[in-house]
Structures are given as structure tokens and as C-alpha cells.
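As a plain string of letters, each chain reads:
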Amino acid sequence: MTRPISSPVRVFDHGSTFEDAALRRQDGDHGLGMRRRKIDGHDKATGRTLYADDLSFPGMLQAKLKRSTRAHARILSIDVSTALAMEGVFAVITGNDLPAKYGIIPWTRDETALAVDDVKYIGDAIAAVAAVDEETANAAVKAIVVEYEDLPAILDTETAKVTGQDARTKVNPFAKKGNITKGVELSFGDVEGNLERCRSEGVVVDADFFFQGTTHAPIEPHCAIGTMDERGVLTVISSTQTPHYVHRDLAHVLGLPEALVRVVQPPVGGGFGGKSEPFTLEFVVAKLSMITGRPVKLLYTREEVFYAHRGRHPMQMHYTVGADRTGKLLAVKSAIDIDGGAYASFGMITAYYAGQLLTGPVAFNSYAFNATRYYTNKPACGPKRGHGSVQPRFAFEVVLDMIAEKSGIDPIELRRRNFAGDDVLLINGQQMNSSGLIECLDAVRTASGWDQRRGKLPRGHGLGVACSMYISGTNYPIYPNDMPQSGVQVKLDRSGRVTMFSGASDIGQGPGSALAVIAMEELGVLQDHVRVVLSDSDLTPVDLGAYSSRVTLMMGHAALEACRTLREQVQDAVATIWECRPDDVLLGHGKAWHAKDTGKAMSTKEAFVLAEERYGTLGAVGGYRTRERGGDYRGGTIGASPAYSATAHIAEVKVCERSGRIDVVKVWVAHDCGRALSPVIVEGQIEGSTYMGIAEVSMENMLYGNYPKYGETPGPDHVRAGMLLGPSLLDYRIPTTLDTPPIEAFIIEKPDRNGPYGAKEAGEGPLHSSIPAVANAVFDAVGLRLTELPFTPAKVLTALKKQASSSSKAAE
Amino acid sequence: MLRMDPFLTETPTSVDEAVALLAAHQAAGRSTKVIAGGTDVVPNLKHGLFDPEVIVHIGRVPGLKGVVDDGGHLLIGALTTLHDLSVHPLVQQHASGLARAASLVAGPQLRRMGTLGGNLALDTRCLFYNQTYFWREALGFCLKKDGSLCHVVAGGKKCVAAASNDTATMLLCLDAEVVLQAPTGRRTMKLEDFYVANGIKNTVLEAVDLLVQVRVPKAASRRFEGYAKLRHRNAIDYPLLSVGLRVDVDGGVVSAMRCVVSALQARPHKLPCDAWIGRAFEHRQERQDVVDGLKQLAFAKCVPVKNLADDVVWRREMVRVLVQRAFDEAIGEAS
Ligand SMILES: Cc1cc2nc3c(=O)[nH]c(=O)nc-3n(C[C@H](O)[C@H](O)[C@H](O)COP(=O)(O)OP(=O)(O)OC[C@H]3O[C@@H](n4cnc5c(N)ncnc54)[C@H](O)[C@@H]3O)c2cc1C
Ligand code: SF4
């Protein structure tokens, strides 16, 4: 893997340059930007890491959930008496035991841990059992009898639009109007006027797109353990990405002071957004442990992970985009229907993101979008890697390809011409300080042989390009407050060790390693001398969680602030002994060095001893808050970020015209992450994102039974309506290594003034453009515009046949 | 994690002991289930599809593993793993299509656990059946287990779950025989007679029977054999469709020909190929003529039903494509 393609000369804060870095790279062990092992890599590879389900406590009970077998129904009665009487059953709870409503977004608290009056989808939780073991708990769950009165199941946005006026067809009573969670309509500039202009002298593309929706499929299923001690302190250990919000909602739902709740996040086996909010299991283990006085564990089955879902929303999108003769984009207009599932989750934000995150790195002069999220009787959708913006990006980037085709401009050139630029205010009022789009496009263009190959390959074989941007955290926290979004506390002492305390969530993406890199860079310690303590609300400062690609930027700043305070103390203490200026004391490679006198050096341990002698116990804190807010209108803060990444993909595909199968043969991807603190991790994120995007194009197929349709008379097998067809990793296919093409990843570093060392996100952005790049490559290969994801062989073959018959008609 | 209901386990160390144990438990009114590699039985137990009181684990019975050549046949022990089968020199030499079919089952771990006997006795599969108890309950269950209606064929009174075993398709093409051991003795039957068109149970295996050996007759003349499997992923996935093909050629003409299409319904579908006997099969065009005819026949006869999530129209289209692929495989022109 090559990196970096176009690296600006980096200037380190304490004056060393890229050349020094190259020197340091040779020893392979130090500071920023070096290729090194993740701090948790070895334990994970050897099976030492203890995930939530690996933990066990004396007397621990196992919990299981009774779930709804109906897509939409009123609960007439729940009989738990048999279950409760069973030997080994300690407690059974239902919705009335946990009636408080919660939800990640404070304005849309629309769910309860267990269903209270009605069930909203097949799999909705109704009751919970705690028993001596899983077998007993399962038997007790089977013994719970629920009586339902079926209600019409609302399974798509078309139906949701015309229902919800009465209680029987309202999916979630929280909806004020019909079945709408949230509607957003925003407009910037003279869209209609511009479209008019383009129609007369330019091109206008009108097109419909459908993104079916996908799920995260982290390999670790959700798991939580609750326990309450003698003092009344409730501890919940949970495989969550957002321990802080779990903490707040646990206190709220259980009626406990936040000070009596402790949330511990063990290492998490993948999240991708699927563990970004409080879930039924956390409330249930808490409540059951309070009732039984014993630790209680609940591990979701794979099927239950599908029901917890919060995955990518299905979106029906219409785009109208106009460009002038030179390909300059003048107007973009979209209308988007979002299929939300039974609960709001982050849905209010999703509706905004569907429009707000499209305004760069390719810019346009005017913009209007109208996005509405509807409730439906299916597992709730939410944030999946690239929350809210992957679907519109797919549509928009395909539209760009259509414009390029119509105007006879090379697709890469079209994007270059419309590049927003650096340090610009985007059309929706959001400030983008830096964007490496051009460098990204150049990198993939060269590596893929675009100029020589695109449009020139034999039929069935093609190349496609697409690009995107993504946020590095949001300026505005989920609940309005002026406190830091991330805090870090650092302690160092005479042992030579540095301990970093942070509430950041490590879901595999590596904040622990980022903290270690910062400690190494700032304090000169060796990697193995850094300890990282993550995410235990009793021990670590607050961090809002692993979502919106916020961690590196926000936690990074907080860590930098704390480390720099300590560095000054260490430099100062050593300078006193060496009788030099503190600036002349350099820290690196486990040593303090004299900048001007190479004979002088001491170990960091000795330096820390000097500092401890001089300043007493050593510790410092840092915190990150955003100063900017975003556009000055309602919703203008949503999607406003301190820094925006940029990505470009080129995909090479082969389309088999006999089977309709699309083979992605190779992908080139370049991503501007500002500054790679750990290049190996950044590459991993770029590759993983690309892999995930390609999976969404070609395989992941989230199908629900939809018989009978709304208004039809149910037949004897009517319960099929709303059933997720195949909630398992056998039926819901994610690619194996054999199905993953070679991915060539390039790190582009265009530092952003708002990022720590210039760093921006790398975890979500590199997913977006992989999908439209494949779609555009299919067009290059066989001249088909595929607009409905996923591109299953069945759909592709049908489209190919249609193409063949219409071209043979044309020939007649 | 999904759990299994409790059961008693028996681990016999000989074939006789195994069948005696099966018979004894059956006689005492206890339901039994044989388990070899367990790669089908365990998931099915977790899904509540089987509810035996006694599991008879035959994995440790000696003498049921390996491949020998008795001159006229390959004799393959029922406990031979799919991995061993796929790499065995005798199998590669005399039944290359079988080696290939075995190599395409599931993934490497499962092929090292899964046995040939287990593959032949694999339970039929259906989107509405191979699911958890909860899911099937929400569905209202189905004919094959716990319920009374079929979700594939509206109003259907017969289960049409799909035979999904890769090796069976190919072994049927090779005119294989199976040797069954019962408490009353051994019997040998054609594999063709082993399968019946009933999705609830698609074999004639009785609860007290043990499949001990598979006999594959060796080719008497030049043989072409090929196997093609339709799946989305290049590992793990069960077939969405599978085609086995064998053409024996003697004196430049077809002397025997078999084509089996499976993963359609409960019984692998054997296409009538006798019409091609005596047809020239030397030159490229002659061969292509044969396969073109075969493709037409297969398309006409094989109509997939909605027992899998995939589009049935597409699966049907793919019948022709797979016949061509099996043919390309057979004549060594795999694309
Ligand atoms: C994820 C996954 C993917 C799979 N993909 C495929 C695939 O692509 N193609 C495919 O063909 N299979 C597939 N399988 C199924 C399975 O792995 C194979 O069919 C394997 O060969 C079964 O062998 P086993 O020894 O594990 O069978 P077991 O599970 O032990 O038994 C299967 C059945 O055979 C019976 N049985 C086993 N041995 C005997 C015997 N000697 N006498 C009488 N009855 C016996 C058992 O009672 C049981 O009913 C897959 C399984 C999994 C879990
Ligand atoms: S074919 Fe019908 S009866 Fe058989 S398993 Fe499928 S749904 Fe059940």
C-alpha cells in the first residue's frame, strides 16, 4: 500500500519537520504518523480480550426477552403466572415495570424498554425473564402468554403517507401528524430560476433512486450485565457505543440519580452505529438486578440484533439537478421519503442529514431539499456508518455521472470543476476549512489508469468514479449543553508511565491507540509505557460516544490539551537541571533530549521524577468544545462540523450478462483524513468502509414479508407481513474474504485547522462513494443506469434483458 | 446464543452397537437422532427443528472413513469428511465432479467437520423452515414442522423444501449406490431410490438405519463430469441451484449421459438424457449441440419455487447458465 500520494510537508508543533519524521519512521516506534500495532491488537488477535459476554459474576442470572410475533397489535393481556411459578425463575417484568419513555434524541422520546400498550413490529420486546440459566429463561419466555388484537401493519412509506390519522393505523403514538417522525424542508438560493436556466442552456437530470436499507451486522451481538450493590449503586456493563447516553437514560428510566449509576463499556466487538443508543437490554438487566439483588446478564441472539437494528434507512429519492453548458452545477433539488421503522431513534437527525450533508465537496449554486421520515411497523432504522448521507450520496453521484455523460465531460473533470474549494462557506452555511478532494481524485485517477481505460474497456467491463465528504463530529451535541463534548485526564508519575483516562468508546476503531500516539508524541514515552483507561463512568471523564466520526477530533484535542500541560512541566523541570530553555528540552523515543547539546539526555522516567519533585503529584485534564455552531437558521447546526473529510473512489467491475452478476474486480480509494495519527488504522478504516459499501451494493438484502399489503384481506398466512426474511448471517449475506476485491487505499493528508495535528475523520467517509462508484462503473461496462439498491443479479439480469429488447426494437 | 433443549448422548464405537442403540431407544419410545459431523444437526437443534430425546453420535465409530478402490467401484466410508473427499487422489481421478461438489460445500471449517453421510442425509431446506422457533412461531409455523400450511405454495398440502446437498447431485449423475445398515442387516440401494419427493423427509432412511458406505462405479470409457453451483458468496452458501453432468463417450459417441438439477424441490431432479445416446461428441460443435439441447430440456423441466428468498424467475433463467457451466467444467473449459 502506498502512502501518502501527495503529502504536504508536515510541520510538527514543536518545530520538527517532515524530514525528522522520515528519520523517525525508520525506527518504527515513535510518535505521530508511524506504522505501529494497535495497543489492543495483540490481545484481540490472541483471544485475550474480554468482551461483555466473557464476563461472569457469582450468582449471576440470565435474562431473556419475550418478543412480539405481530407486526402491529394492541396487547390485550400478558399472562406471566406460569413463567413466574417455574423453578429457577427469579423475576418477570413487563412494560408496566419500566414505563418511562426514552430515546437518544431528547425531543423524540418515543420508546419504552418493554411494550406498554401496543407492539410495533415483529420482534418488539414485551416482557423479560431472569432465571438461573438460559435454558430456564427460554422455557419461561415460552410460557408467557400474550393476547393480541391485530392492527393494520404499515410497511412502507407509501402506506405510511396515507395512514396514521386514526389510532389503528398510527404506528407510533408519538407522531403528531399521521405517521411522520420528522419532515424537513430547506432551500438555499434560487433553485427554480437556476433550473429554468439550465433547461434552456445546459442540462437538467431528473431521476428516481431507491436505497433498500441495510443493517450493521457487527460480529459481537449486544450484551449487557446489570448489578446493584448494597449501597444502591447500579452498575451496567454494556457493549454500547454511547455509554454516556446509556448512563443518562438509565437514570431517567429507572428513576435513579445519575450519581448512583455507573456505566462500564468493555471492549466492543464492532458497532458501525448499531450500538449508538440505549437499548431494551440495558434497562432490563438493570431493573432485573434491582429486583433480584443479583447480577443479571442479557446477550442478544443474532436474530435479536436484527430486531434491535437501527440500520440504514430505506430511502426513496427523487433528484433534479441542473448544470450549465460547462458542467457547472447550478441547482440541486431533492425529495426524499425515509422509511424509519417503529421508533424515532436518531431519525430527526437522519431527516436533516439526508439533505444537509450533500453540499460539499462538490458544490452547487442553489439547493432545496425536502426529506420526510415516516414510522413503519418494522425494526427501527437509525445511524449506520455514514448516517443519513450514504443514500443521497449514492443518488447524487450517479446523477453527476449522468450529467457528465450528457455534457460530454469526463466524470472526474466534472467533479474537479465543481469542487467547493478550501476555506469556504458551503451553500447551507457550513464552514469547510479544508478538503483534499482534488488530491483524492488525482490519486485514484492515476492509480487506476482512468485516462487510458475508462470508456475503452470491452463491453461488460468498466470503471466508475464517485466522491464524497463527511463530518468529523458535530458542532452541536445531541442534548444542548455548554460542557465539553470530550474530556481526557492524564496522570504520569515517577514510574515513567503515563495513564490516560478517557470516556471515549473503543468499538474497534482505535481511540485507545490514538490516545497512546498523542502521549508518545507529546510526552516522549514509549508505546508500552502508556496505559489507557477507557469508558467507565466512575473513572473516566465524559465523552459523548463513538458516533458522527467525532472521537479522534474531539478526544484528540482533549488529550492534546492535557498532555501539553504536563509536557510543559516536564520540560520545565528538566530545563532547570540542564540550565537551558524549556523549549530546548525535546521529548521522544523514551528520552528527554537537549536540542543543542547531543551529549545530554535522560530517560523519560528520570524526567518525570524531576517533574514530580518540582510540581508534586502530576496530572492534567483537557476538554474539547466546539466554538462554531453552523448555519443561522432552524436546523443550521445539524450537519455543521468542525472539519470535513473528503473521499474519492474508482471501482472496476465486470458484469456477467448471462447471470446478471456484478463482480467488483478492484477498488481504488483515496481519503483525506487531514492527518493520519496511525496510518495502519486509517487504512483499515478506509478498507473496511469500502468493503462495507460494496457489500451494500451487491449482497446485503434486507427483505420483509409484505403480504398482505395494507388494505388487502389477510389470508391464513397473514402473519408474514412485516417479517424480516432471514434474520441470520446465513440469509442476510455479508461478503466473505473470497468475495472482497483487492482494495488499494491512499491516505491523503490535508490538515484542518480544527483538527488535532490537523486530523479529520476516517471511519465513515470512505464508505459513501464506494456505492455510486460501482453504479457508475456498471454504466461504463454495459450502459445500464441502475438506481435501485442492492444490485442483485436478478435485478441486473432483468435490466439487461430490457436493454437488449429495447435496443433490438430500436434497430428494427 | 441460541440454546439446544436437553438430550441424552450415546457414543457407540461400532456400527453394530450404533444400530442396536438406535433400535433399543426406539423400542423404548424415545426419539433418536444420528449425528456425524453435526454441522446440519446442531443448527437444526438450535432452531428447534429436531427434538430428539437421544442423540447417537457416530463420529467415533471406526472403519467408516476413507476411500478404497475395489476395482470396479470407489468405496467411500460415510464418515469421510467433505474436505478429505475433495482432496482424495482416488476421488479426483475417478470422480472429479464429486471432488468438486464436495469442495464447494459451505466453508473450510465446515468441510472438515461435515461428512459425506451427513451430506447425503441432509435435511431439506426452506426459507420458512430454517429459522428460529420464535421466527417460525411469528410466521405461524408450516407443514414441515409444528404447523399446517405451506408458505411456498399457497394452499399446498405437500412440502417442497429444497434438497440442498451438493454431493448428492453429483453422486446421482455417477449412478452411486448407498449401503445402509439396520439392526436386521445390510442393504444396498441405488442413490436414486434413496430420495423421495417429500420435503418433510426426502430419504427412505429409517430411524434405526445407518448409512455406512457410498459406492461409486468407475467409468468404463472416457468420461466427462462437471458440477456447477449457484450461490451469491464464494463460500458458506447453500446452493440456490445445482447442476451435475456426466457424459461417457465411447467410440466418439455418447454412451451414457446423466444430468441432475437440484436445490429445486425435495428430490433432486434427474433429467431424461437417453435421447443423446449415440450422438457424436468429439468436436466442439457436436458437444455444443448436445449441451444446447440439454439446456432447453432443463429450462423446460426445472421450475424453482419460492422456497428461497431469491427471485424464482432469475433462478429459472440460471438453470440454462448452470447447465452450460457444468458442461464447461466437464470438458475442461471452465469460464
Ligand atoms: C453455514 C453452513 C453452510 C452450509 N453449506 C452447505 C452447502 O453449501 N452445501 C451442502 O451440501 N451442505 C452445506 N451445509 C450442511 C452441512 O455442513 C453438510 O451438508 C455436511 O456434509 C453435513 O454433514 P455432517 O456430518 O455434519 O451431518 P450431521 O449434521 O451430523 O447430520 C446431518 C443429517 O444426516 C444424518 N446422518 C449423518 N450421518 C449419518 C449416517 N451415517 N447414517 C444415517 N444418517 C446420518 C443425521 O441424522 C442428520 O439428519 C452447511 C452447513 C452450515 C452450518
Ligand atoms: S416448502 Fe412449505 S411446508 Fe415445506 S418447509 Fe417450506 S413452507 Fe414449510
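Residues numbered from 1 in each chain as written. Chains lettered and ligands numbered in written order. Predicted model: local features only at pLDDT ≥ 70, side-chain atom pairs only at ≥ 80, totals over all residues. Heavy atoms only, no water.

Q: A description of the site of ligand 1 should follow, citing residues and the corresponding values.
A: Around ligand 1 lies a shell of 34 residues, among which Val34(B), Ala36(B), Thr39(B), Thr115(B) and Asp166(B) are the nearest. Around ligand 1, the nearby residues trace back to chains A and B. Between ligand 1 and the protein, one listed contact pairs a nitrogen atom with a backbone N or O atom of Leu211(B) at 2.8 Å. Within the side chain of Lys229(B), one N or O atom sits 2.8 Å away from an oxygen atom of ligand 1. Protein contact buries 94% of the 970 Å² of open area that ligand 1 shows by itself. Classifying every residue of the shell around ligand 1 by side-chain character gives 18 nonpolar, ten polar and six charged. There are two domains that each give the shell around ligand 1 at least three residues, and those are domain 1 (1–59) and domain 2 (69–121 + 162–330) of chain B. (Near = heavy atom within 4 Å. Polar contact = N/O pair within 3.5 Å; in protein donor to acceptor, adjacent residues only side chain to side chain. Areas by Shrake-Rupley, 256 points an atom, 1.4 Å probe, with all protein chains shown as cover. Nonpolar A, V, L, I, M, F, W, Y, C, P; charged D, E, K, R; others polar. Domains from an automatic or database assignment.)

Q: Explain the sheet that holds strand β23 (residues 591–594) of chain A to me, using residue names and the numbers behind them.
A: All names here are of chain A. Ordered in space as β22-β23-β24, the three strands form an open sheet in which the pairing is antiparallel. The open sheet terminates on both sides in strands that have one partner only, identified here as β22 (585–588) and β24 (601–603). Strand-to-strand, the axes of this sheet are offset by a mean angle of 20°, without reference to chain direction. Along the sheet, helix α17 (residues 604–615) makes contact with β23 and β24, crossing β24 at roughly 85°. (Pairing = 2+ DSSP bridges. Helix = DSSP H or I, 4+ residues; strand = E, 2+ residues; numbered from the N terminus. Axes fitted to C-alpha atoms, helices over the stretch in contact; angles between N-to-C directions. Contact = heavy atoms within 4.5 Å.)

Q: Go over the domain arrangement of chain A with me, naming the residues and quoting the values.
A: Residues and elements named next belong to chain A. We note that the domain assignment places domain 1 (10–25 + 422–471 + 641–699 + 734–812), domain 2 (52–151 + 216–308) and domain 3 (483–624) within chain A. Centre-to-centre separation of domain 1 and domain 3, based on C-alpha positions: 36 Å. Taken together, the contacts link 20 residues of domain 1 with 21 residues of domain 3. Roughly 1600 Å² is buried in total at the junction of domain 1 and domain 3, and carbon and sulfur atoms are behind 59% of that figure. One can count four residue pairs in polar contact (both at pLDDT 80 or more) joining domain 1 with domain 3. Counting residues per element, the ones that place at least two in the side of domain 1 that touches domain 3 are β18 (461–471) and α18 (679–698). Grouping the constituent residues of the side of domain 1 that touches domain 3 by class yields ten nonpolar, six polar and four charged. (Buried area = accessible area lost by both parts, 1.4 Å probe.)

Q: Quick one: what's the story with the side chain of Asp780(A), residue by residue and with numbers?
A: Residue and element names in this part refer to chain A. Take Asp780: it is sitting in helix α20 (residues 770–782). With no salt bridge to any partner, buried Asp780 finds its closest opposite charge in Arg454, at an N-O distance of 4.1 Å. Among the polar contacts made by the side chain of Asp780, one reaches the main-chain amide nitrogen of Leu463 at a distance of 2.8 Å. Those residues within four positions of Asp780 in sequence are excluded, and the remaining contacts are Arg454, Gly455, His461, Gly462 and Leu463. (Buried < 20%, exposed > 50% of the residue type's maximum accessible area, 1.4 Å probe, protein only. Lys, Arg positive; Asp, Glu negative; His and termini not counted. Salt bridge = Lys/Arg side-chain N within 4 Å of Asp/Glu carboxyl O.)

Q: Explain the pattern of salt bridges to me, and be specific about the residues and the numbers.
A: Pairing is possible between side chains of opposite charge, provided their charged atoms come close. Throughout the structure, instances matching the rule amount to 70 salt bridges over all chains. The salt bridge partner of Asp572(A) is Arg614(A), with a shortest N-O separation of 3.4 Å. Taken together, the residues span a long stretch of sequence, with Asp572(A) in helix α16 (residues 551–578) and Arg614(A) in helix α17 at a distance of 42 residues. Using a relative accessible area of 46% as the deciding quantity, one classes Arg614(A) as partly exposed. Residues participating in the shared-partner salt-bridge network are Asp175(B), Arg223(B), Arg246(B), Asp248(B) and Arg258(B).

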